[in-house]
Amino acid sequence: MSKIDQAFLADQIHQMITEKKKRNFTEAVEIQIGLRDYDPEKDKRFSGSVRLPNAPYDNLKIAIIGSAAHCEQAKAIGIPCIDTEGLKKFNKDKKLIKKWAKPYELLLASESLMKLIPRLLGNILVKIGKYPLTIGENDNVAERVREQRQTVRFALKKVLCMGTRVGNADMNEEQIRQNVATSINFLVSLLKKGWHNIRTLHMKTSMSKSYSCLLYTSDAADDLLCVDLGGRRIIKKKKHK
């Protein structure tokens, strides 16, 4: 069985925040994970998202492709929006569409418009990685925006290392701890063997060095003579035949 040592994690977060240099911008807080016993070519690649207790993307730039009701809600909270008439004006011009979408990190679209978007814009949003997420017709725009600013995503690709933003350095230490712990526990739930698939686990701000997230584990190094388990370096003796 494996777990995060919360006291150690809190201490590491304190060190990370107090030791970092003062910057002229708000640094992100990221976690970095190294996996083991996964073959990206053979094993099923996992993906998933989790809503964190505190928003790591509080300034995430979002735009709405909305129905009349959703556009009205977006304008009320200062979120940029565009309706079908606005989409038609692009006339499927790729340069215009790219220029419009470029400032935004995420697009949300009313469910009733999802089938119209490919017809009006072609597949350009797919190619630039900004195809919109759905807003249900009865969903509130403000709540969906808040949800997306609190959501982080994990996906296994071609390599056994990954990282994601889980907070920012303006958060207090307890908020960072909550987000780090929630993110790690969710990631572990996606792994086929849980904690056994974790090789290394660290956190850092954008410009700082890495700090360990201590793991207690009974089996994460069973095939190795020496492995870094997110803060504890375990040395195993060779078995003599």
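Residues numbered from 1 in each chain as written. Predicted model: local features only at pLDDT ≥ 70, side-chain atom pairs only at ≥ 80, totals over all residues. Heavy atoms only, no water.

Caption draft 1: Seen up close, the sheet that holds strand β7 (residues 133-135). Across the sheet, four strands lie side by side as β5-β4-β6-β7; this open sheet has parallel pairing. Sheet topology places β5 (81-82) and β7 at the edges, where each strand pairs with a single neighbour. Examined bridge by bridge, strand β6 (residues 106-110) and β7 share three bridges and lie parallel to one another. The residue of β7 that forms the bridge with Ser110 is Ile135. (Pairing = 2+ DSSP bridges. Helix = DSSP H or I, 4+ residues; strand = E, 2+ residues; numbered from the N terminus.)

Caption draft 2: Here's a closer look at the environment of Asp139. For Asp139, the location among the structural elements is in the loop between β7 and α7 (141-149). With relative accessibility at 31%, the residue Asp139 sits in the partly exposed group. Residues Asp139 and Glu111, 28 residues apart in the sequence, show an inter-C-alpha distance of 9.8 Å. In contact with Asp139, not counting residues within four places along its chain, are His70, Gln73 and Arg144. (Buried < 20%, exposed > 50% of the residue type's maximum accessible area, 1.4 Å probe, protein only. Contact = heavy atoms within 4.5 Å.)

Caption draft 3: Examining the packing of helix α1 (residues 6-19) against helix α8 (residues 173-190) more closely. It is at 10 Å that the axes of α1 and α8 come closest, and there the two elements cross at 125 degrees. The angle between α1 and α8 falls in the class oblique. When you trace α1 past α8, the crossing you get is right-handed. Residues Gln6, Leu9, Ala10, Ile13, His14, Met16, Ile17 and Thr18 of α1 lie in contact with α8, whose contacting residues are Glu173, Ile176, Arg177, Val180 and Ala181. (Axes fitted to C-alpha atoms, helices over the stretch in contact; angles between N-to-C directions. Parallel < 35°, antiparallel > 145°, perpendicular 65-115°, else oblique. Left-handed = near helix turned anticlockwise from the far one by under 90°.)

Caption draft 4: Region of the structure containing the sheet that holds strand β2 (residues 28-35). The strand order across the open sheet built from four strands is β9-β2-β10-β11, with neighbouring strands paired in antiparallel fashion. Taken across any chain shown, the strands that pair with only one partner, and hence form the sheet edges, are β9 (161-168) and β11 (211-212). Where β2 meets strand β10 (residues 198-205), seven bridges bridge the pair, whose relative direction is antiparallel. Considered in β10, the bridge of Val29 is made with Thr205. Helix-sheet contacts for α8 involve β2, β9 and β10, and the interaxial angle to β9 is about 150 degrees.

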